[in-house]
Amino acid sequence: MFWGEDLQTKAIDQWTREIPIISSRGKIVDTNGVVLADNDDTYTVFVRKNAVKDMDNLASVLAESLQMDKEYLLSRLKNTVSSEITIKKQVGKDKISKLLENELQGVYYSRDNSRVYPYNEFLTSVLGFTSTDGKGQSGLELYYDKYLSGIDGEILYETDIVGVEINNGKASYRPATNGLNLKLTIDYNVQQLCETAMQEAMEVHKAKSAQIIVIDPNSGAIRGLCTKPSFNLNEIPRDDLTSLYKLGRNGIVCDVYEPGSTFKVLTAAANIEEYLKGNKNAFSIDHVYNSSRYRYIDGQKVKCWSEHKNGKHIGLTLQGALNNSCNPIFVDIAMSLGKQTMYKYINAFNYGSATGVDFTGETQGMVLPVSAVQNVDLARIAFGQTIAVSGLQLASATCAAINGGNYYTPYLVSEIYADNGIIAEKIQPQLKNKVISSKASKILNEMLEKVVSEGSGKQAYIEGYSVAGKTGTAQKYENGVIASGKYVSSFVGYFPSTNPKYLALVIIDEPVGQYYGSTVAAPYAKQVFEGIIDIYNIPPVK
C-alpha cells in the first residue's frame, strides 16, 4: 500500500493521453476600451506515432496542407524517439479545417496563444511583445505577464497499452482559465497624435531618435508614450537581436540624457520655495541679476549659451532668466542656495531614483553623490549639465512642480479585469510626496506661461489656451568630450497652465541642421496639444 498512489498515477499515465487546451492570453486595451493587444485563433498540430498506421500517407497530407517538406516530415515521424511529435505551431483555422476533412489517425490539435497587435507599429516600446510560446518578453507584456498568462487545461483520452485511442473510451476535461486583461491609462487618440508627431520629427529633422510622453499632471496617468524608430509588433525581428533590442527599447523610461535647460524648472522652483520660506540665501522674485555672460567658479569659466548681445540679458529677473534661458542666473541661484539645499530638491523631485512606474528596466538616472559635488559641478547642475535623467523622471518632476507641488508616481495600467468584467485590481493615483508649496507652484506656473507667450517657447503658443513650458538644448558628450554638432533638443510643456490637464515632454536626439529645443521640439508639443484640443473639443481659457 505504501506505493499504491504512485503506481496508480503511473497506470493512469500509461493508459491515458492528454490534449492540452491552451488558455487565451489577456487582452490589453486603452483607457476607452480600444483593443491594443489581442489573440488570433491558431492551433498547434502534433502526432502520436503509435496511433499512425500509414506514415508515408500522413507525411504527404501534412506536407500539402501545411506547406512543409514531405521528406523532412517523414524523417521526423520515423526517427523521432518521442511518442508525441509537435509538427507545427500557429496554424490558421483554414488549414486546420482542411486537415480535419482527412480524418487523420494519430493527428491532434490544440489551440495556440498567438498574439496579434491590431495597430502594428503602435505603442511598440510600451506594449512590448511575447515569445512564440506566448510568454511576455518586454514592455507591459513582460511586466504584467503573471496576470496576462492564463492557466492551461487539458482533455484526457483513454488509450490502449501502445497509446492508440480506444473507441468509445472515456474522456475527462479540465477547462483552461484565460488570462486577465489590462486596461491602460494610455488614450488611443492621444497616442495616435504622438505617433504621427514623432514620425514627422524623425523625417523632418533626420534625427537619431524622437520621443514624447504625455502625462496627466494631477494623477501621474500616462496618456501617450512614443519612441521612434520602432517596428511592427506583428513582424518582430527575432532573427536580429541587435535591432530588436535597439528598436524595442523604451528610451523615455530606460535611458538617460543630460536634460539641459528643461532642468531649470527645478532650480527656479527651489529658489521660489526657499524665498517664500524666508531663506536669506534665496533671491526675491523681482531680484535683478548680474548681466555678465560668464561666471567664474573655482577658477573655471561657466558661460551662457547666448552671446548676451543687444542688451537682451541686462536687468533680468527670474522671469527674464526663464524666458531667455540664461545659464549664469541659474548658476547664481544654485551657488547661493548651496549644495545641501539644492540636493534637498533634487531628491524631493525624485532625481537619482526610479519613479516606480509599472514597467521593467526603469533607470535611476545619474546624480553625483552630494559628498562628491564640487562647486563647479553644482553650477552646471543648475542648468541641466553634470546630471543625467530619464525622460520619465523629468516629465514627472515637472508635473509635480506645476500641479500644486504634488509628486505622483507615474503609471500605465489602471485596471486588471477578467473576461466577465469583474475587476481584479483597480490602480489608483499614488501621491508620493510634496515637493513645493501650492503658492510656489502657482508663481512658477505663471512664469512658465510667459516663457511660451513671450520667451523661448513661443513655437508652442496656442491662442486662448495658456500653454506653459520650458525649452532645452543640450550638447552631447562622447568619450568624455563634447561631440561636435550633436545635440539633444527638448521641450516640456503643458496646458492649461491655470489647471494643467496634459503635460508633454518632447526629446529629439541629434537633429540635423536646426538644433535648439525652441525650434525643433516645441512645435511638436504644440501639434499634439492642438490635436487634443480638436479631438476633445476643449474650449479656450476665458
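What you are looking at is a predicted structure, and each value in this text was computed from that prediction instead of being measured.

### Digging into the overall build of the chain
Along the chain, the regular secondary structure elements total 19 helices and 21 strands. If you line up the chain on its principal axes, its C-alpha atoms span 95 × 50 × 50 Å. When the 542 residues of the chain are sorted by exposure, 54% land in the buried category. Nonlocal contacts in the chain, meaning residues at least 24 apart in sequence, comprise 72% of its contacts between residues at least 6 apart. Carbon and sulfur atoms make up 49% of the accessible area of the chain, which totals about 24,400 Å².

### Section: the sheet that holds strand β4 (residues 42-48)
Here three strands make up an open sheet; going across it, the order is β5-β4-β6 and the pairing antiparallel. In the strand order of this sheet, the two ends are held by β5 (84-92) and β6 (107-111), each with one partner. On average, each strand axis in the sheet is tilted by 25° relative to the strand beside it, whichever way the strands run. Across six bridges, the pairing between β4 and β5 is antiparallel.

### Describing the packing of aromatic side chains
Applying the stated criterion across every chain, the model contains 13 aromatic pairs. A centroid spacing of 6.2 Å and a plane angle of 65° characterise the contact between Phe129 and Phe231, whose relative ring orientation is edge-to-face. On the criterion of sequence distance, the pair formed by Phe129 in the loop between α5 (124-127) and α6 (139-143) and Phe231 in the loop between β12 (222-228) and α9 (241-248) is long-range, its members being 102 residues apart. The exposure class assigned to Phe129 is buried, which follows from its relative accessible area of 7%. Residue Phe231 is classed as buried on the basis of its relative accessible area of 6%. Aromatic side chains Tyr487 and Tyr515 sit 3.8 Å apart centroid to centroid with 5° between the ring planes, which places their arrangement in the stacked category. Taken as a pair, Tyr487 in strand β20 (residues 481-495) and Tyr515 in the loop between β21 (502-509) and α18 (517-520) lie far apart in primary sequence, 28 residues in all.

### Focus: the sheet that holds strand β10 (residues 181-184)
Strand order in the open sheet formed by six strands is β7-β3-β2-β10-β16-β17, with mixed pairing between adjacent strands. The outermost strands of the open sheet, each flanked by one partner alone, are β7 (114-116) and β17 (423-426). With three bridges connecting them, strand β16 (residues 413-417) and β17 associate as antiparallel partners. Residue pairing for β17: Ile416 is matched across the bridge by Glu425.

### Here's the deal with unusual backbone geometry
Of note, the bond from Lys228 into Pro229 is cis; its omega dihedral lies within 30 degrees of zero at 5°. Checked against the element boundaries, Pro229 lands in the loop between β12 and α9. You will see that Ser325, though not glycine, has its phi angle at about 50°, which is positive. Mapped onto the elements, Ser325 comes out in the loop between α12 (318-324) and α13 (327-337). For Ser325, a relative accessible area of 5% puts it in the buried group. Phi angles above zero are rare outside glycine, and Asn350 is one such case at about 70°. Looking at the element boundaries, Asn350 is found in the loop between α14 (339-348) and α15 (375-381).

### Some words on the confidence of the model for the chain
With 93% of its residues at a pLDDT of at least 70, the chain reaches an overall mean of 90. Here residues 1-17 is modelled with pLDDT under 50, and outside its nearest four sequence neighbours on either side it reaches 17 contacts, counting other chains as well.

### Considerations on the nonpolar core
Leu184, Ile213, Ile222, Phe349, Tyr351 and Leu448 are the most contacted members of the largest nonpolar core, which totals 95 residues. The contacts of Phe349, once residues within four sequence positions are left out, are Leu266, Ala269, Ala397, Ala400, Ala401, Tyr407, Val435 and Ile436. Core analysis: the next-biggest nonpolar cluster, separate from the first, contains 32 residues, Ile462, Phe491, Ala521 and Val528 among them.

Scoring rules and cut-offs
Residues numbered from 1 in each chain as written. Predicted model: local features only at pLDDT ≥ 70, side-chain atom pairs only at ≥ 80, totals over all residues. Heavy atoms only, no water. Helix = DSSP H or I, 4+ residues; strand = E, 2+ residues; numbered from the N terminus. Buried < 20%, exposed > 50% of the residue type's maximum accessible area, 1.4 Å probe, protein only. Contact = heavy atoms within 4.5 Å. Areas by Shrake-Rupley, 256 points an atom, 1.4 Å probe, with all protein chains shown as cover. Pairing = 2+ DSSP bridges. Axes fitted to C-alpha atoms, helices over the stretch in contact; angles between N-to-C directions. Phe/Tyr/Trp six-rings, centres within 6.5 Å; stacked < 30°, edge-to-face > 60°. pLDDT = per-residue confidence, 0-100. Core = buried A, V, L, I, M, F, W, Y, C linked by side-chain atoms within 4.5 Å.

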